[in-house]
Amino acid sequence: MPESIKVGLVLSGGGAKGAYQVGVLKALLEMGTRVDVVAGASIGALNAAVLASAPSLETGVERLDELWLTLAKSSPLSVKIPGYLSLLVSAGLKMNGFAQLEALFRAARLVAQRAGLQLPEELNQLDAGALCDKPLKELMEQYLDPVALNKGLPLYVSVFKSLGGTTDLLRTITAELGILGTAESEFLHIQSLSQAEQKEALLASAGIPLLFAPRQVNDSLYSDGGQGGWQKQQGNTPITPLLQAGCNMVIVTHLSNGSLWSRHDFPEATILEIRPQSSIARDSGFLGGVKDLLGFDPHKIPSWIEQGYQDTLHCVGRVMKASASRSELRKSENELKDSERRNTISDSILADAMSKMT
């Protein structure tokens, strides 16, 4: 690949389906793909952070593969949830599940008030987050060496300016229903932040409303970056900071069927999309989406890794074959031109010799 090409990688959000990105990265590594800058949202931001802090793409892929295969042996519903699993759960739960959760809590409050009962304090302070973020901090201390991260690939994460957990949730629900859109997400350059703010920014990108409290970075409160620009997936597909960083080729991964994000909105760059070639869903029914997003089990995770691998071979391989065909065509054209030029020179020499003989 020519040195003038600067390659960016976008890792979108999608909970346990983030395992798909491990397969994508395995295939890209096999193809000899170079990555110069990386950006992520939600689970993609956390995968991207592990990748960015690794000394090489190969090491980053190995670390992610090990983490996700470990998760495949764990259950998100166990009483003692491992730190990394908590991180993935927080990063991946979608809003349709929270709509039901919020309705349940509201009903519980109403019943308690009428009955003169006192609910646990945790249920009256949902905006402060229903889950403790201590395991998440411990996880980052274990897997994200701040020194290595600062020396690693430039990393951008998507965050959404928060108005409080409940309000954030309601804004996203109205956007999903097509009533009102959400404001756009912002993108933070991790290496430009202090070590303390780097952790806060990663926690913010994974800060699903109601599950985790918003995080403060640069005097602002932020939560899950996937909430921004809901209709066009602006926050969940953070390509903008990569273009601003000078990337002229961007690889974009999607973790949903039929994402509304469009590469045609960014004509200034060459964009290669890796989309699921078959349904990425593993569960169906009313809560199928939530079950998938919490699908940290030995059946789903390996299947998503394999699907990401095969889809990348299909999407990228097809482009590489087309590129190789064009290269062969250009080579043939150049050889033909060289042959014609040699023939012209030979004809000229012959004509000159003939003129001297007459």
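Residues numbered from 1 in each chain as written. Predicted model: local features only at pLDDT ≥ 70, side-chain atom pairs only at ≥ 80, totals over all residues. Heavy atoms only, no water.

J.: Lay out the overall build of the protein with the relevant residues and their values.
T.: Secondary structure summary: the protein contains 12 helices and eight strands in total. Within the protein, the fraction of its 358 residues that count as buried is 47%. Within the protein, residue pairs in contact and separated by at least 24 positions form 75% of the contacts whose partners lie at least 6 positions apart. On the protein, roughly 17,600 Å² of surface is accessible, and the fraction owed to carbon and sulfur atoms is 56%. (Helix = DSSP H or I, 4+ residues; strand = E, 2+ residues; numbered from the N terminus. Buried < 20%, exposed > 50% of the residue type's maximum accessible area, 1.4 Å probe, protein only. Contact = heavy atoms within 4.5 Å. Areas by Shrake-Rupley, 256 points an atom, 1.4 Å probe, with all protein chains shown as cover.)

J.: I'd like a rundown of the packing of aromatic side chains, residues and numbers included.
T.: Tallied over the full model, the rule gives one aromatic pair. Plain terms: the ring middles of Trp261 and Phe266 are 5.5 Å apart, the flat faces sit at 20 degrees to each other, and that makes the pair stacked. Considered together, Trp261 and Phe266 belong to a single accessibility category, that of buried residues. (Phe/Tyr/Trp six-rings, centres within 6.5 Å; stacked < 30°, edge-to-face > 60°.)

J.: Describe the side chain of Ser53, with residues and values.
T.: With respect to the helices, strands and loops of the structure, Ser53 is situated in the loop between helix H2 (43-52) and helix H3 (57-71). Of the polar contacts made by the side chain of Ser53, one reaches the backbone oxygen of Ala49; its length is 3.1 Å. Of the polar contacts made by the side chain of Ser53, one reaches the backbone oxygen of Val50; its length is 3.1 Å. Dropping the residues within four chain positions of it, Ser53 is found in contact with Arg63, Tyr143, Leu144, Ala148 and Leu149. (Polar contact = N/O pair within 3.5 Å; in protein donor to acceptor, adjacent residues only side chain to side chain.)

J.: Kindly report on the UniProt feature "active site" (unreviewed entry) in the protein, identifying the contributing residues and their values.
T.: The residues that UniProt annotates with the feature "active site" (unreviewed entry) are Ser42 and Asp224. Of the residues just listed, which span 183 residues, no C-alpha pair is farther apart than 6.1 Å, and they cluster in one region. Structurally, the position occupied by Ser42 is in the loop between strand S2 (37-40) and H2. Ser42 gets classed as buried once you look at its relative accessible area, which sits at 2%. Inspection of the secondary structure puts Asp224 in strand S6 (residues 220-224). In this structure the side chain of Asp224 is engaged in a polar contact, spanning 3.0 Å, whose partner is the backbone nitrogen of Gly226. (UniProt positions renumbered as here; feature names shortened; annotations may be inferred.)

J.: Requested: an account of H3, with residues and values cited.
T.: The first and last C-alpha atoms of H3 sit 21 Å apart over 15 residues, in line with the 21 Å expected at 1.5 Å per residue. Every buried residue of H3 is accounted for by Leu57, Gly60, Val61, Leu64, Asp65, Leu67, Trp68 and Leu71. The buried residues of H3 occupy an angular sector of 170 degrees when projected down its axis, which confines them to one face. (Expected span 1.5 Å × (residues − 1). Arc of directions from axis to C-beta.)

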